[in-house]
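If you want the building blocks of each chain, they are given just below.
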Amino acid sequence: MALSLYKRSIAAVLPSFAAGWAGHVNNWGDLAKQLSLSNDIVAPIIAVLPNSAQDFLFVQYPGPTIFVLSAVLLFSVLLLRPFDSVLAVVFPDPPDILDRQLIRKSALDIEAYAPDQDFLGREKELAAVYKFATGEYQHKHAWMCLHGRMGHGKTRLALEWLKQWRKDGWDAGVLGERVALIDVKSTRIRKRTAIVIDNANSYGDLLQILTELFVQAKNHPLRVILVDQSNPVYGISVAEHGLEVLNDNKRDELRLRELDQASAVTLGEANGWDATNIHQAEGRPLLLRLGTEPWAEISRRAKERLILADQLFGSTGQEMLAFIALAGPINEAEQKQKFPQTSRVKSLARLFEGESRKVLRQGLPGLHPNILAGEILLQWLAEQQAEAAMILIKNAIEHNPKHARNRIDAMIREQASNPDNQTFPERTKALKILDAARPDSWAQQPAQIIDELHTQQHNLGEAGEIDAMITLHQEIKIHATPWPNDLAVQQEWARSLFCLLSHLDHLKYEELYTNTLKSLNDLQENFADDSEIALQRAKAAFNATSDYGRAALAGEPEFWDKLTAELMVLDALRNAFVNDSEIALQRTNAAANAALHYGNAALAGKPEFWDKLTAELTLLDALRNAFVNDSEIALQRAKAAVNAILYYGRAALAGEPEFWDKLTAELMVLDTLRNAFPSEPKIALARAKAAFNAILDFDCTTGKQQQRSEIWKQLAYLSLKWSVDRAIQAILSERIPELTYLAQEKAGWPYGVPPKS
């Protein structure tokens, strides 16, 4: 150990010497002995002496005894002082900015620092963070963002990571709660070091702190894990902030998900949970440790803490708890200024169970775990007048806006999914106060972040990286949930939900697929007048009709009902936004999809689907008439006609002649659409496909010469009109043998040289 300990103790030796001399003069030997034993340096020297020798020296000769001990100590310090810098390098002190206590014997049973807790189901994640730090990187330093939902065990995982490094001889610890950038700049990292920055988003200068840590580490390998509910540094360009050093070091990321089922069952059953409750805990170890009614237990513990604060310090104690729950830890000077009545360390030790008196002498620590801190704040707010509550919230935001913002966002996010809100009837009131106290500017950043994440989410989906896309979607949810009433944020959230749905395999991810549709439903109901959110729900319904139709045709008939339900959603949206062409287009798309699936089902021997097909075609006609100038809607009607002609032709050839009239009617629809949009190649292409299908069907029977002649004229017209359109020419020539035969033997003119008129 370096000699800094001795240097700090010199001042304590001198009072001991004075007390000893006073004891000699006034025969106060016992007092001299007690004061000497209170000294960290002198006490070990005295302890080696037998009790009889101690009594003799201190009672009979207290002054000379203390004088000798002090002189030896002072002589040693002065003698070795020149070698202090050398010893500090050989035996370096750990950085003083780190809390190296990774286990606290008296910590709460649900705290990450509590002893004797089983570490279940995180072996893969622990291996991942260990690999991140041991990997053969090009750079000497590395940092990771570890994020995930409250109660998933992020801090506990990070502490286990630190314990492994400590066993390997590294300096390992958690960045102190009250550490500032100036403290980091003055620290010295003198060996391999592993650091965890918990609640990283609460540090207003997080990137500067991280940069300075790398600077101070110099050539000593440094590994840092940033822990928080949301990715601490996403969306921030470090280059733009003048922090290029971060780009020069390896960065990694891990989102902590729920416990695997086996571990959740093991932990839940150990705490009396049944299968239903274990499922409701959503794989969160924190909840599984709290018994079968976790939210009620959290509420009870918060109430007990508030009662104890009142007993120890009166109403000031409760206000103090509420303040640090929102603003985070405060130092001694801030404590004296804001809460001067709460300086009794002995009482604080009872209130902050698990914290050492040394820590409590330096100020008030944060409240842990976060979920308990949030509950304490909610319960205090519920008992206050709105004016008093707003004053405290405003002061907390001014004191530490980053911590206050993260705390409020986390509380609103957590309560949005809390299945047991009834245990605290005033919860809604408290949350509304918090929501109202947030500055308007706070809502702008989430919308921007979600928009940026949505782009990345889409790219992952397009690349087929579905698991990574799902992980990123959970990050988006963290930013969206705390702003349930902000339209801009929720519009971005709706776009993200549709993006997720559009890339999911509805069978492989059935539960997530269904939940995503439900989330869009809920969102649309909450913002019933917003056409943008309604459009995202309509687009999702269109996708679902395609997925469900394919599944139903593949032999899973229950999906017919799901398809019908999505069409009903679209009908409701269409009726609510009758003049919205975008929503009408989604209904048109879905109708064309449904017509495709219904026709296939009808041909497969289910005649009841002919009526469903007819109904969708009728609806398409209505939409086409409502938006007569919309070429996209017209195109979907044309596509549906092409498919219908195919189905009707097959049915007619199979012995149901009434379908010839239906086929002819669909050809007339296509003629109408082509005449209405003479310059739309896609509609012309649809007419070409339909004509080709129809002429082959007509050629298979007799009595259809007139129809064949008309279709040949259509084909000739299309060939001349769209002579430079490769897609249409491909349709006209894809079956050259059939067309050549028909042209020469049936129509009387060679293929490729149709009549001019």
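For the structure, see preceding data.
Owing to the predicted nature of the structure, the values given are computational and were not obtained by experimental measurement. (Residues numbered from 1 in each chain as written. Predicted model: local features only at pLDDT ≥ 70, side-chain atom pairs only at ≥ 80, totals over all residues. Heavy atoms only, no water.)

A.B. asks: I tried to follow the overall build of the protein on my own but got confused; where do I start?
C.D. replies: Scanning the protein from terminus to terminus reveals 36 helices and eight strands. In the protein, which comprises 757 residues, the proportion classed as buried is 51%. Contacts in the protein between residues at least 24 apart in sequence constitute 72% of all its contacts with a sequence separation of at least 6. (Helix = DSSP H or I, 4+ residues; strand = E, 2+ residues; numbered from the N terminus. Buried < 20%, exposed > 50% of the residue type's maximum accessible area, 1.4 Å probe, protein only. Contact = heavy atoms within 4.5 Å.)

A.B. asks: Sorry, what's going on with the pairing of strand β4 (residues 193-197) here?
C.D. replies: Residues in a regular strand project their side chains so that they alternate between the two faces of the sheet. Extensive coverage of β4 is indicated by the burial of five of its five residues. Burial of β4 is two-sided: the residues T193, I195 and I197 facing one way and the residues A194 and V196 facing the other way are all buried. Bridge analysis of strand β3 (residues 171-175) against β4 gives four bridges, and the strand direction is parallel. Across the sheet, the residue bridging to D171 is T193, located in β4. For the handedness criterion, the β-α-β arrangement of β3, helix α9 (residues 181-186) and β4 is classed as right-handed. As paired strands, β4 and strand β5 (residues 222-228) are joined by five bridges and run parallel to one another. When the sheet's bridge partners are listed, A194 is paired in β5 with R223. (Pairing = 2+ DSSP bridges. Right-handed = clockwise from strand over helix to strand, strands pointing away.)

A.B. asks: Just checking my understanding: could you explain a positive patch on the surface for this structure?
C.D. replies: Positive charge collects at one region of the surface, where K346, R350, R357 and R361 lie side by side. For the positive patch, the secondary-structure elements that each account for two or more residues are α17 (345-351) and α18 (357-361). For K346, the position within the fold is in helix α17. By relative accessible area, K346 is classed as exposed at 61%. (Patch = residues over 30% accessible without salt bridge, like charges linked within 9 Å, V, L, I, M, F, W, Y side chains within 5 Å. Areas by Shrake-Rupley, 256 points an atom, 1.4 Å probe, with all protein chains shown as cover. Salt bridge = Lys/Arg side-chain N within 4 Å of Asp/Glu carboxyl O. Lys, Arg positive; Asp, Glu negative; His and termini not counted. Charge placed at Lys NZ, Arg CZ, Asp CG, Glu CD.)

A.B. asks: Can you help me understand the environment of F498 in this one?
C.D. replies: Topologically, F498 is positioned in helix α25 (residues 487-503). Not counting residues within four places of it along the chain, the set of residues in contact with F498 comprises L520, Q536, K539, A540 and N543.

A.B. asks: Quick question: what am I supposed to make of empty space enclosed by the protein here?
C.D. replies: Over the atoms rolls a probe the size of a water molecule, and its path tells where empty space is left. Using the criterion set out here, one finds four cavities of 30 Å³ or more in the structure. What the largest cavity holds in volume is close to 530 Å³. A112, G153, K154, T155 and R156 are the residues nearest the centre of the largest cavity, which is lined by 29 residues in total. Elements that contribute at least two residues to the lining of the largest cavity include exactly α8 (154-167), α13 (285-288) and α19 (370-382). Looking at the lining of the largest cavity element by element, the count peaks at three residues for α8. Its residues placed into classes, the lining of the largest cavity shows twelve nonpolar, nine polar and eight charged. By volume, the second largest cavity amounts to about 100 Å³. As for the second largest cavity, its lining consists of R104, L108, E111, R305, F352, E353, G354, E355, G366, L367 and H368. (1 Å grid on protein atoms, 1.4 Å probe; cavity = no way out; pocket = protein on both sides within 12 Å on 5 of 7 lines; lining within 4 Å. Points joined across faces, edges and corners; volume = space filled by probe spheres on them. Nonpolar A, V, L, I, M, F, W, Y, C, P; charged D, E, K, R; others polar.)

A.B. asks: Got a minute to help me understand the nonpolar core in this structure?
C.D. replies: The nonpolar side chains of a soluble globular protein tend to be buried, and buried together. Ranked by internal contacts, the top residues of the largest apolar core, which has 128 residues, are L321, L351 and F352. Looking at this core, the element that brings in the most residues is helix α31 (residues 631-653), giving twelve residues. Once residues lying within four places of it in the same chain are set aside, the contact partners of F352 are M320, L321, I324, L360, L364, P365 and L367. Membership of the second largest hydrophobic core comes to 27 residues, among which are A107, A112, L157 and W161. (Core = buried A, V, L, I, M, F, W, Y, C linked by side-chain atoms within 4.5 Å.)

A.B. asks: Would you explain the sheet that holds strand β2 (residues 141-148) in this entry?
C.D. replies: Note on sheets: strands pair through backbone hydrogen bonds, and any given pair is parallel or antiparallel. If you walk across this open sheet you meet the six strands as β1-β3-β4-β5-β2-β6, and the pairing is mixed. Looking along the sheet, the strands with just one partner apiece sit at the ends: β1 (98-99) and β6 (250-256). Of the strands in this sheet, β2, β3, β4 and β5 are in contact with helix α10 (residues 206-217), which crosses β5 at around 165 degrees. (Axes fitted to C-alpha atoms, helices over the stretch in contact; angles between N-to-C directions.)

A.B. asks: Where do I start with helix α32 (residues 658-676) in this structure?
C.D. replies: Since the α-helix advances by 3.6 residues per turn, residues separated by three or four positions end up pointing in the same direction. The first and last C-alpha atoms of α32 sit 28 Å apart over 19 residues, in line with the 27 Å expected at 1.5 Å per residue. All of the buried residues in α32 are F659, W660, L663, E666, L667, V669, L670, D671, L673 and R674. (Expected span 1.5 Å × (residues − 1).)

A.B. asks: Please clarify how helix α20 (residues 386-399) should be interpreted in this entry.
C.D. replies: Taking 1.5 Å of rise per residue, 14 residues should cover 20 Å, and α20 covers 20 Å from first to last C-alpha, within 8% of that figure. Residues A389, L392, I393, A396 and I397 constitute the buried set of α20. Buried residues in α20, looked at end-on, bunch into an arc of 135 degrees, giving them a common side. Projecting away from the buried face of α20 at angles above 90 degrees are the exposed residues E387, K394 and E398. (Arc of directions from axis to C-beta.)

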